[in-house]
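Chains, contacts and geometry: an overview
Here's the letter readout for the chains.
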Amino acid sequence: VQLQASGGGLVQAGGSLRLSCTTSGRTFSSDGMGWFRQAPGKEREFVAAISWSGGSTYYADSVKGRFTISRDNAKNTVYLQMNSLKPEDTAVYYCAADTTYDSTWHTYPVQYEYWGQGTQVTVSS
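A short tour of the structure in this document, coming up. The structure displayed is predicted, hence computed values, not measured ones.

**Digging into the packing of aromatic side chains**
Each aromatic ring pair is specified by the distance between its two centres and by the angle formed by the two planes. For the structure shown, the criterion picks out nine aromatic pairs. Geometrically, the ring pair formed by phenylalanine 36 and tyrosine 112 is edge-to-face, given 5.0 Å between the ring centres and 80° between the ring planes. Here phenylalanine 36, found in strand S4 (residues 32–38), pairs with tyrosine 112, found in the loop between strand S9 (91–98) and strand S10 (114–115); they are 76 residues apart in sequence, far enough to count as distant. The class of phenylalanine 36 is buried, set by a relative accessible area of 0%. On the numbers, 6.4 Å between centres and 75° between planes, the contact of tyrosine 94 with tryptophan 115 is edge-to-face. Remark: tryptophan 115 occurs in strand S10 and tyrosine 94 occurs in strand S9; sequence separation between them is 21 residues. Among the residues examined, tyrosine 94 registers a relative accessible area of 14% and is labelled buried. Judged by its relative accessible area of 26%, tryptophan 115 is partly exposed. Here arginine 26 stacks its cationic end above the ring of phenylalanine 28, 5.7 Å away from the centre of that ring. Here arginine 44 stacks its cationic end above the ring of tryptophan 115, 4.9 Å away from the centre of that ring.

What follows is the structure, given as structure tokens:
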């Protein structure tokens, strides 16, 4: 089972990035998926989640209206479109699979069973 996150980089404040998370070794189309982030010296925090079908999404207040999570089950890929980026968005971003998703949103890392390796996002002011 592998989750591979990519798409991070250095961007100026106000810019955009799109992160991708490609899954393999397991059928993730029935799982909820989420994105988390962790800044230096801080705990890993929830960013966004999406239902298995992609029909429902949930966001942290800090990114609502700026970030969009989506998925393409045919490609086993989850995306995080990040617009209007701010320096405080700087962190390592992780994708994760929630195999127990049951229409209840999970926002704690312990509720996700599989994790990608993370991709660095740096927003300069």
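Okay, back to it.
**Some remarks on the side chain of serine 20**
Note on placement: serine 20 falls in strand S3 (residues 17–24). On the accessibility criterion, serine 20 (15% relative accessible area) is buried. Among residues more than four places away in sequence, those in contact with serine 20 are Gln4, Ala5, Ser6, Trp35, Thr77, Val78 and Tyr79.

**Brief notes about the sheet that holds strand S8 (residues 77–82)**
Strand order in the open sheet formed by four strands is S1-S3-S8-S7, and the pairing between neighbours is antiparallel. Taken across any chain shown, the strands that pair with only one partner, and hence form the sheet edges, are strand S1 (2–6) and strand S7 (67–72). Averaged over neighbouring strand pairs, the angle between their axes works out to 15° when direction is ignored. Here S7 pairs with S8 via six bridges, running antiparallel. Directly across from aspartate 72, in S8, lies its bridge partner threonine 77.

Conventions used here
- Residues numbered from 1 in each chain as written.
- Predicted model: local features only at pLDDT ≥ 70, side-chain atom pairs only at ≥ 80, totals over all residues.
- Heavy atoms only, no water.
- Phe/Tyr/Trp six-rings, centres within 6.5 Å; stacked < 30°, edge-to-face > 60°.
- Helix = DSSP H or I, 4+ residues; strand = E, 2+ residues; numbered from the N terminus.
- Buried < 20%, exposed > 50% of the residue type's maximum accessible area, 1.4 Å probe, protein only.
- Lys NZ or Arg CZ within 6 Å of the ring centre and 35° of its normal.
- Contact = heavy atoms within 4.5 Å.
- Pairing = 2+ DSSP bridges.
- Axes fitted to C-alpha atoms, helices over the stretch in contact; angles between N-to-C directions.

Spatial relationships are all this shows, so hold off on functional conclusions.
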